[in-house]
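Okay, here's what each chain looks like letter by letter:
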Amino acid sequence: EMDYVYRLKELLNERDQALALSQHNLKLADKVIDASMEAIVVTDTSACIQRVNPAFTEITGYEEWEVLGKNPNLLSSGRHDEHFYQAMWSQLQEKGHWQGEIWNKRKDGTIYPEWLTITAVEDERGRICQYASIFSDLTEIKKSEARIKRLAYFDELTRLPNRKMFNDRLHLSLGYAQEHGHQVALAFLDLDYFQRINDRFGLEAGDQVLREVGRRIELILDEGDTVARFGGDSFNMILTDVEDDTSVSEFLNRLLATINQPLTVAGSEVNLTVSVGVSFFPSDATDAEELFQCAEVAVKQAKDFGR
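Participant: I'd like a rundown of the packing of aromatic side chains, residues and numbers included.
Facilitator: Enumeration over the complete set of coordinates arrives at 7 aromatic pairs. Between the aromatic rings of phenylalanine 166 and phenylalanine 230, the centroid separation amounts to 5.4 Å while the plane-to-plane angle is 80 degrees, which identifies the pairing as edge-to-face. Here phenylalanine 230 lies in strand 7 (residues 226-231) and phenylalanine 166 lies in helix 6 (residues 163-180), a separation of 64 residues in the sequence. A relative accessible area of 0% places phenylalanine 166 in the buried class. Summarising the aromatic geometry, the rings of phenylalanine 166 and phenylalanine 292 are spaced 5.9 Å apart at their centres and angled 50 degrees between planes, so their arrangement reads as tilted. Of this pair, phenylalanine 166 sits in helix 6 while phenylalanine 292 is found in helix 10 (residues 288-304), placing the two residues 126 residues apart along the sequence. A relative accessible area of 14% places phenylalanine 292 in the buried class.

Participant: Can you break down helix 10 residue by residue, with the values?
Facilitator: Counting along an α-helix, one turn takes 3.6 residues, and residues three or four places apart therefore face a common direction. Between the first and last C-alpha of helix 10 there are 25 Å, a value that for 17 residues agrees with the 24 Å anticipated at 1.5 Å per step. When helix 10 is considered as a whole, its buried residues turn out to be Ala288, Leu291, Phe292, Ala295, Ala298, Val299 and Ala302. Seen along its axis, helix 10 keeps its buried residues to an arc of 125 degrees; they face one direction. The outward face of helix 10, more than 90 degrees from its buried face, is lined by the exposed residues Glu289, Lys300 and Asp304. Contacts from the buried residues of helix 10 go to helix 6, strand 6 (183-191), strand 7, strand 8 (234-242) and strand 11 (274-281). With a side-chain oxygen positioned 3.2 Å from the backbone nitrogen of glutamate 289, the residue opening helix 10 is aspartate 287. Downstream of helix 10 by one or two residues, glycine 306 has phi in the positive range, about 105 degrees.

Participant: Requested: an account of the packing of helix 7 (residues 194-201) against helix 8 (residues 203-220), with residues and values cited.
Facilitator: At a closest axis distance of 7 Å, the pairing of helix 7 and helix 8 adopts a crossing angle of 140 degrees. In this view, helix 7 runs oblique relative to helix 8, as classed from their interaxial angle. The segment helix 7 lies against helix 8, with Phe194, Ile197, Asn198 and Phe201 engaging Leu203, Ala205, Gly206, Val209 and Leu210. A per-class count over the contact of helix 7 with helix 8 returns 7 nonpolar, 2 polar and no charged.

Conventions adopted
Residues numbered from 1 in each chain as written. Predicted model: local features only at pLDDT ≥ 70, side-chain atom pairs only at ≥ 80, totals over all residues. Heavy atoms only, no water. Phe/Tyr/Trp six-rings, centres within 6.5 Å; stacked < 30°, edge-to-face > 60°. Helix = DSSP H or I, 4+ residues; strand = E, 2+ residues; numbered from the N terminus. Buried < 20%, exposed > 50% of the residue type's maximum accessible area, 1.4 Å probe, protein only. Expected span 1.5 Å × (residues − 1). Arc of directions from axis to C-beta. Contact = heavy atoms within 4.5 Å. Polar contact = N/O pair within 3.5 Å; in protein donor to acceptor, adjacent residues only side chain to side chain. Axes fitted to C-alpha atoms, helices over the stretch in contact; angles between N-to-C directions. Parallel < 35°, antiparallel > 145°, perpendicular 65-115°, else oblique. Nonpolar A, V, L, I, M, F, W, Y, C, P; charged D, E, K, R; others polar.

Set out below in structure tokens:
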């Protein structure tokens with residue numbers, strides 16, 4: 001009897017220790033869930049929300065009491081069709097998990113991208129008893145990706161195409177012109193005495209002038225043509241489907257008249273002048289590199305002839 005009582009006490013002690021450990025682990029899991037920077041949603045097998053963490057509220061705008069017992073489809077953005085969700089749940093049933101990018105809607109109606117992972121939780125018998133979803137807001141990442149893409153193809157100061165995009169468009173324009181027997185003109189435009197503006201008014205004022213010049217060029221540019229800034233105070237233009245030299249001269253005269261209009265810099269009126277050089281495909285050059293070289297030579301000649 002003493003042995004039995006002793007053994008019973010040991011079993012009860014082990015049970016108490018296991019229970020204490022289990023409670024500790026549950027409290028730890030609760031703290032981890034609440035402290036997580038990623039949103040966590042737990043649902044039952046009927047997809048009714050049983051629990052969410054503070055990050056869920058921060059991302060979606062919904063408080064816990066507003067979503068308990070409801071279906072997560074209240075976050076649906078409407079961007080995904082029924083087939084998308086059918087494929088998601090089919091994979092969940094087959095593999096026990098699903099992961100991917102999805103667009104959802106916050107409480108205020110704004111649509112945002114998230115990276116979502118859903119895992120099926122099984123009980124001791126191997127039957128699915130719950131689903132645990134973890135997601136993070138991809139909005140800032142998407143913005144960063146968009147900014148990197150802009151930096152790759154656009155000039156950050158003027159928001160005009162940069163050298164890479166300009167070269168891509170030039171090759172396309174030359175290929176199309178060669179195929180259809182058209183002319184293409186490459187215009188190299190350089191601001192005169194731009195350094196004086198920087199020296200007198202400062203670099204910020206100089207940036208303002210460059211942005212305004214880019215805007216003025218875009219206003220007069222024909223549809224299908226391209227203007228780009230490679231850096232400094234120079235702009236390049238692709239003029240497609242050119243009829244003859246005269247039509248290009250007429251366009252450039254209108255462009256110069258637009259650019260030469262006074263603008264206000266730091267409270268002072270400034271009059272801009274530019275030098276322009278133009279080369280033609282295929283009469284001056286038969287490839288992009290030679291076309292650039294010809295236009296640069298023409299600009300130097302324009303400066304030598306008195307700008």
